[in-house]
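What the coordinates show
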Amino acid sequence: MPFRTALSGLNASSAELRVIGNNVANASTTGFKESRAEFADIFASSNLGVTANAIGSGVRVSSVSQQFTQGNIGFTDNNLDLAISGQGFLIMNDNGVNAYTRAGAMSVDRDGYVVNSQGQRLTVFSADSNGTITGATGDLQLDRSDIAPVATTRVDMSANLNAAAAVPGGVTASSSISLTGTTLDDGDSPIGPVAIGNVVDRWAQAYPGASVSFAHTGGTVWDITFNDGNGVTDTVSVDIGTDSEALFSWDPDGVGGQQAIAVAMDVSGLNSVTGGGASDLTAAVSNGSTQAAFNPDDASTYNNSTSVTVYDSLGASHLSTMYFRKTGVPNQWEVFSYLDGVAQGGGQTVQFDSSGSITSGGQISVGPYSVGTGAADLSFNVDFTRTTQYGSGFNVNAMDQDGFTTGRLSGIDISDTGVITSRFTNGQSRTLGQIALANFNNTQGLRQLGDTSWSESFDSGQPLVGTAGSGSLGLIESGALEGSNVDLTEQLVGMITAQRNFQANAQVITTADTVTQTIINIR
């Protein structure tokens, strides 16, 4: 009779309902993977096999297999929460035994380890002191201690200095010479040299050895020679009493490096006499003026300035200010450095070429500066190699320095490839490690451990460990959780089907009972 066959059907339908019930119960469980009941028929067989007209003996549950399809990803306010988009499992250290999960709800325990709600620790590929990911794996631990300060040793500056800027500080090239005295006596010829004092070229360079000399050539005509004291001379012939000035053409460098300067000497008040001993020219004065001395409190003595905060060995901040002053030399600037308002040496020269690029002075030194707080003397180099001199306004494009003060952990960032970076209150960041993911050749062979986690088994094969985005492994979403992959609509339809199967098998038992009762009632 078919009682046992129908009973196996009832058991199978009950098992399917239990599987569906478990799926429905975990429809909101993070990282849960739905299960599916799989059935096989039963035949009585002998060593010779099953006869051609054999009737089956019912049904059995052949497997309850989990379906590792992707669940929906929802975002949270905790950036330690992890969701995997694609294949792979998070590796959790459970007291030395690895467990594998898709439930990435993480927090930090009292020792700083990143753990799940079961206290299992997240496994990562470790990083060395330089932030380089190594091949070694370990538990992720967040260090909440202060990060040590680092003194500034280098400042990188990218700026533009205005090529069209005026030279500050009242530079005036010499253009006239005034004589002290009125008489030239041809009996005293040659007369001089008569010292002028300083003459100044267009580049604000002073020539302290400049002079004029006079040589009589006949009658009232005299040759007057200008000498800048640096080997450059110019001689003009003047008729005293007729000409009013001697006009010299002064080429300061002697090779035309800067435009020649016209220097006029007034001779209208001179007299030319004969006899000897009457000459009274004793001195001459030029009207040129050099660039005024730099004064940080006088904005007329420099063109531009900029500042950057630097740090000493104890993490204390100091203000470094740089003043830029154009000189009279074409394409040349001076840089004056101050720390906390204290001058750090004199001006240092930066030279550009005709295309606006630096040719010399691309690095200047600042310090050593005694900070007076127990910290080491502060000294650093300023790199100007990215600075230009173009015909546009002064602007600072970038200003970076390599020092920082002490800082505390302020946050954690996790990239889509699982690289974990800690952020500190001083603006620094450090790489702590990279999340390790595992995959298996046969995920359905994993052994369920409960708490939405699995362990490897012989059927699953060995774990294939790697990083997110490599091989078949998916990417990581930080601040997100993967929801259950249970489709409630599908489960409800399956529930109806299982219920009908159960009712049909129960009806078989009822029918078989009626048949049996009929047989018993035969007299």
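All residue numbers refer to positions counted from 1 along the written sequence of the respective chain. A pLDDT threshold of at least 70 governs which residues receive local features in this predicted model, and a stricter bar of 80 or more applies before side-chain atom pairs are shown or counted, although totals over entire chains, interfaces and linings include all residues. Based on all heavy atoms of the structure, the side-chain values leave hydrogens and waters out of the count.

1. Structural notes on the packing of helix H1 (residues 3-25) against helix H2 (residues 488-520)
Two numbers describe how H1 lies on H2: the axes approach to 9 Å, and their chain directions differ by 160°. With respect to their mutual orientation, H1 and H2 come out roughly antiparallel. Of the two elements, H1 crosses H2, and the hand of that crossing is left-handed. Taken together, the residues of the contact of H1 with H2 sort by class into 15 nonpolar, eleven polar and two charged. Orientation is described by axes fitted as lines to C-alpha atoms, over the contacting stretch for helices, and by angles from 0 to 180 degrees between their N-to-C directions. We count a stretch as a helix when DSSP gives it H or I for four or more residues in a row; a strand needs E for two or more, and each element gets its number in order from the N terminus. Here the word oblique covers every angle except those under 35 degrees (roughly parallel), over 145 (roughly antiparallel) and from 65 to 115 (roughly perpendicular). Handedness of a crossing follows from how the near helix is turned relative to the far one, being left-handed for an anticlockwise turn of less than a right angle and right-handed for a clockwise one. Think of it as three bins: nonpolar holds Ala, Val, Leu, Ile, Met, Phe, Trp, Tyr, Cys and Pro, charged holds Asp, Glu, Lys and Arg, and polar takes everything else, Gly as well.

2. A look at the pattern of salt bridges
Basic side-chain nitrogens of Lys or Arg form a salt bridge, by our definition, when they fall within 4 Å of a carboxyl oxygen of Asp or Glu. For the coordinates displayed, the defined rule picks out nine salt bridges. Between arginine 408 and aspartate 146 there is a salt bridge, with the nearest N and O atoms lying 3.2 Å from each other. Within this pair, whereas arginine 408 is found in the loop between strand S30 (395-401) and strand S31 (409-414), its partner aspartate 146 is found in the loop between strand S10 (133-139) and strand S11 (154-160), the two being separated by 262 residues in sequence.

3. Quick look at the sheet that holds S11
Pairing is mixed across the open sheet formed by four strands, whose spatial order is S28-S29-S11-S30. Each having just a single partner strand, strand S28 (363-369) and S30 make up the two edges of the open sheet. The mean angle between the axes of side-by-side strands here comes to 20°, regardless of whether they run parallel or antiparallel. Bridge count between S11 and strand S29 (residues 378-383): three bridges; the pairing is parallel. By the bridge assignment for S29, arginine 154 is matched with asparagine 381. We call two strands paired when DSSP finds no fewer than two bridges between them.

4. Looking at the nonpolar core
Side chains that are nonpolar tend, in soluble globular proteins, to be buried together. To qualify as a nonpolar core, a set must consist of buried Ala, Val, Leu, Ile, Met, Phe, Trp, Tyr and Cys residues joined through side-chain atoms within 4.5 Å. Three labels apply to residues, based on accessible area from a 1.4 Å probe with only protein chains included: buried if under 20% of the type maximum, exposed if over 50%, partly exposed otherwise in between. Val212, Phe214 and Met265 are the most contacted members of the largest nonpolar core, which totals 28 residues. Put simply, the parts of the chain that give this core at least two residues each are strand S12 (176-180), strand S14 (191-200), strand S15 (206-218), strand S16 (221-227), strand S17 (233-239), strand S18 (245-250) and strand S19 (261-266). Excluding anything up to four places from it in sequence, valine 212 contacts Ile177, Leu179, Gly192, Pro193, Val194, Ile196, Thr225, Phe226 and Met265. In what follows, residue pairs with any heavy atoms lying within 4.5 Å of each other are defined as contacts.

5. Observations concerning the pairing of S17
By the bridge criterion, seven bridges tie S16 to S17 in an arrangement that is antiparallel. Among the inter-strand pairings, asparagine 227 is bridged to a residue of S17, identified as threonine 233. Between S16 and S17, which pair antiparallel one after the other, the connecting turn spans five residues, and glycine 229 there sits at a positive phi close to 80°.

6. Some thoughts on the confidence of the model for the chain
Mean pLDDT for the chain: 88, with 97% of residues reaching 70 or above. The pLDDT value expresses, per residue, how confident the predictor is, ranging between 0 and 100. Averaged pLDDT values for the elements of the chain fall to 82 in strand S21 (residues 283-286) and rise to 95 in strand S6 (residues 97-101).

7. A closer look at the environment of serine 8
Its place among the elements puts serine 8 in helix H1. Between the C-alpha atom of serine 8 and that of aspartate 41, which follows or precedes it by 33 residues, the distance is 9.8 Å.

8. Observations regarding the pairing of S12
On S12, burial follows the alternation: Ile177 and Leu179 on one face are buried, whereas Ser176, Ser178 and Thr180 on the facing-out side are not. Bridge count between S12 and S19: two bridges; the pairing is parallel. Its bridge partner being in S19, isoleucine 177 is matched across the sheet by methionine 265. Pairing analysis gives four bridges linking S12 to S21, with the strands arranged antiparallel. Across the sheet, residue threonine 180 finds its bridge partner in S21, namely alanine 283.

9. Description of the sheet that holds S18
Two modes of strand pairing occur in sheets, parallel and antiparallel, and in both the strands are linked by backbone hydrogen bonds. An order of S18-S19-S12-S21 is seen for the four strands of this open sheet, with the pairing classed as mixed. Each having just a single partner strand, S18 and S21 make up the two edges of the open sheet. On average, adjacent strands in this sheet sit at an angle of 25° to one another, irrespective of strand direction.

10. Looking at the packing of aromatic side chains
Each aromatic ring pair is specified by the distance between its two centres and by the angle formed by the two planes. Stacked, tilted and edge-to-face are the three classes applied to pairs of Phe, Tyr and Trp rings, where Trp contributes its six-membered ring and a pair requires centres within 6.5 Å; stacked means planes under 30 degrees apart, edge-to-face means over 60, and tilted covers the rest. Applying the stated criterion across every chain yields a total of 16 aromatic pairs. Seen from their ring centres, phenylalanine 226 and tryptophan 250 are 5.8 Å apart, and the 70° between their planes marks the pair as edge-to-face. In this pair, phenylalanine 226 is assigned in strand S16 and tryptophan 250 in strand S18, connecting sequence segments 24 residues apart. Here phenylalanine 226 and tryptophan 250 have matching classes, each one buried. Grouped by ring-pair contacts, the aromatic residues Phe68, Phe89, Tyr100, Phe440 and Trp454 constitute a single cluster. Two conditions define a charge sitting above a ring: the NZ of Lys or the CZ of Arg must be within 6 Å of the ring centre, and it must be within 35 degrees of the ring normal. One cation-aromatic arrangement involves arginine 121 over tyrosine 113; the distance from NZ or CZ to the ring centre is 3.6 Å.

11. Looking at the side chain of aspartate 228
Mapping aspartate 228 onto the fold places it in the loop between S16 and S17. Assessed through its relative accessible area of 0%, aspartate 228 is described here as buried. Within the structure, the side chain of aspartate 228 is placed 3.4 Å from the backbone nitrogen of glycine 231, a separation counted as a polar contact. Here a polar contact is taken to be a pair of N or O atoms separated by no more than 3.5 Å, where protein atoms must pair a possible hydrogen donor with a possible acceptor and residues adjacent in sequence count only if both atoms sit in side chains.

12. Some words on a nonpolar patch on the surface
Together, Leu17, Val24, Leu488, Leu492 and Met495 make up an exposed nonpolar region whose accessible area comes to about 360 Å². Of all the elements in the fold, those that place two or more residues in the nonpolar patch are H1 and H2. Relative to the elements of secondary structure, leucine 17 occurs in helix H1. Residue classification places leucine 17 among the partly exposed positions, given a relative accessible area of 30%. For patch detection, residues must exceed 30% relative accessible area and be free of salt bridges, and they are connected within 9 Å for like charges or within 5 Å for nonpolar side chains (Val, Leu, Ile, Met, Phe, Trp, Tyr). Note on areas: Shrake-Rupley, 1.4 Å probe, and residue coverage restricted to the protein chains presented here.

13. Quick word on H1
How far a helix is expected to stretch is found by multiplying one less than its residue total by 1.5 Å. The end-to-end C-alpha separation of H1 is 32 Å, in line with the 33 Å expected for 23 residues at 1.5 Å each. Taken together, the buried positions of H1 are occupied by Ala6, Ser8, Gly9, Leu10, Ala12, Ser13, Ala15, Glu16, Val19, Ile20 and Asn23. Where the residues of H1 are buried, they touch strand S1 (35-42), strand S2 (58-66) and H2.

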